[in-house]
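# Fold and geometry: a report
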Amino acid sequence: MYSEKIAGQFLSSRVRDIRPSGIRAFFEINNVGGDTISLGVGEPDFVTPEKVREACIQALRDGKTKYTSNKGLMELREELSAYYASSFAVTYDPEQEIIVTVGSSEAVDLALRAVINPGDEVLIPAPSYIAYEPITHLHGGNIVEVEAKDEEQFKLTPQALQAAITPHSKVLMINYPCNPTGTVMTEQDWLPIVELIIQHNLVVISDEVYAELTFGRKHVSIAALPGMRERTIVISGFSKAFAMTGWRVGYACGPGELIAGMLKIHQYTAMCAPTIAQIAALESLRYGMTAKDEMIASYNERRKLFVAGLNAIGLACHEPEGAFYAFPSIASTGMSSEQFALRLLKEAKVGVVPGHVFGSGGEGFIRCSYAASLVDLEKVLERMARFMQVTQLV
């Protein structure tokens, strides 16, 4: 076709090699209307709290529509510095060590671009968030998946990390609490990992966008552990815990030299995060904590109901300790993850994401977001129970 000819002539080979997002592909399939209930996209069902929306509206009335500093509003960076110190025991200089970005996704891109040289290896525990691999590929890095196993609750282990490290290893890209598994790493889990990181002189990019979303245990930032602050870029944002997905405000914290490198790229691409969105984020940090805690309590209630329901209908599922995803095994059905997801959508009108899109170790699982209403989750469990009964009769 003509379009293929154009692509062959003009598109970068790295872009041609990238697969479309598996999550977005299934989102489009799921977005068929009717009575389909989609648990496919990781987005809170809450609206951004009213006080935050009102702060944005007032900012517009006040004409606060100009660029901010490339680094972001100083007031927001100061608030982020205080927030990370009080919540996660890591202190950052708001002038030199924090940058506000267009969502945490831009921060991931900036961090990888800032540290990767062509041929460098980026170690990624898998299953993992699907964006890390294509972004690494775009910037000339080589992906090395580190298998996180079901029987170890999908935690990164020192044995698996040691086996994956080579002389070309440079970056460890981590995401805990984890999308898609809901896994949380404890300080005791991290300590032997930290030894290997320091021994092999790795730089760590820690995507902590679900840091606030933990249940029963507190998130431990790897940057807070001895010897790690100086080699870790921490990434987070307001999308998940503060119900601000569409506002696109994220941030990165880390050593000044690395943040300065990220800023070089950011100032030539995004320039700055949207001003009114930064003002809304500042409002969330100052006055939105009660609303955040109420949303987290609601997710916890949904988590308990949904995971218990999955196990009751024969889809074995570890109890996730963080994020808002369940990652049940569908091995008992004899189907692949994609077969199961497509049949579940067609026959039960329930949308989920097949586990294989999250990389090694994801096949045989599906990702379900329980950031949906209790009413919808109960309907989903009923539909999935009927579907399981039918599949067992076939």
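Residues numbered from 1 in each chain as written. Predicted model: local features only at pLDDT ≥ 70, side-chain atom pairs only at ≥ 80, totals over all residues. Heavy atoms only, no water.

The subject of this paragraph is the environment of P134. As for its position among the elements, P134 is in helix α7 (residues 132–138). Relative accessible area serves as the criterion here: at 24%, P134 is assigned to the partly exposed category. (Helix = DSSP H or I, 4+ residues; strand = E, 2+ residues; numbered from the N terminus. Buried < 20%, exposed > 50% of the residue type's maximum accessible area, 1.4 Å probe, protein only.)

What follows covers the sheet that holds strand β11 (residues 353–354). Strands sit in the order β9-β12-β11 across an open sheet of 3 strands; the sheet is antiparallel. Whereas interior strands pair on both sides, the edge strands pair on one side only; in this sheet they are β9 (325–326) and β11. Inspection of the sheet shows β11 paired to strand β12 (residues 366–369) by 2 bridges, in the antiparallel sense. By the bridge assignment, P354 is partnered in β12 with I366. (Pairing = 2+ DSSP bridges.)

The next subject is the side chain of T68. Mapped onto the elements, T68 comes out in the loop between α4 (50–61) and α5 (74–88). Looking at T68, its side chain comes within polar contact range of the side chain of Q278, at 3.1 Å. Residues within four places of T68 in sequence aside, it is in contact with L73, C272, A273, T275 and Q278. (Polar contact = N/O pair within 3.5 Å; in protein donor to acceptor, adjacent residues only side chain to side chain. Contact = heavy atoms within 4.5 Å.)

Considering the arrangement of structural elements, one finds P127 in the loop between β3 (121–126) and α7. By relative accessible area, which is 4% here, P127 ends up buried. Sequence separation between P127 and A281 is 154 residues, and the spatial gap between their C-alpha atoms is 30 Å. Excluding residues within four positions of it along the chain, P127 makes contact with A148, F154, C178, P180, T181, F327, F358, S360, G361 and G362.

As annotated in UniProt, the feature "domain: Aminotransferase class I/classII large" (unreviewed entry) corresponds to residues 35–383 in the numbering used here. Its end C-alpha atoms 12 Å apart, residues 35–383 is made of 40% helix and 14% strand. (UniProt positions renumbered as here; feature names shortened; annotations may be inferred.)

To continue, consider helix α12 (residues 289–312). An ideal rise of 1.5 Å per residue puts 34 Å on 24 residues; α12 measures up with 35 Å between its terminal C-alpha atoms. After α12 finishes, the residue G314 shows a positive phi value of roughly 100°. (Expected span 1.5 Å × (residues − 1).)

Attention now moves to the sheet that holds strand β2 (residues 98–101). With respect to topology, 7 strands assemble into an open sheet ordered β2-β8-β7-β6-β5-β3-β4, the strand pairing being mixed. With partners counted over all chains shown, the strands left at the sheet margins are β2 and β4 (142–147), one partner each. Sheet twist, expressed as the average angle between the axes of neighbouring strands with direction ignored, equals 20°. Here 6 bridges tie β3 to β4, and the two strands are oriented parallel to one another. If you follow I124 over to β4, its bridge partner there is E145. Against the sheet, helix α6 (residues 103–115) contacts β2, β3, β5 (169–174), β6 (203–207), β7 (232–237) and β8 (250–253), and its axis sits at roughly 160° relative to β7. Across the sheet, helix α10 (residues 256–269) is in contact with β2, β6, β7 and β8; its angle to β2 comes to roughly 30°. (Axes fitted to C-alpha atoms, helices over the stretch in contact; angles between N-to-C directions.)

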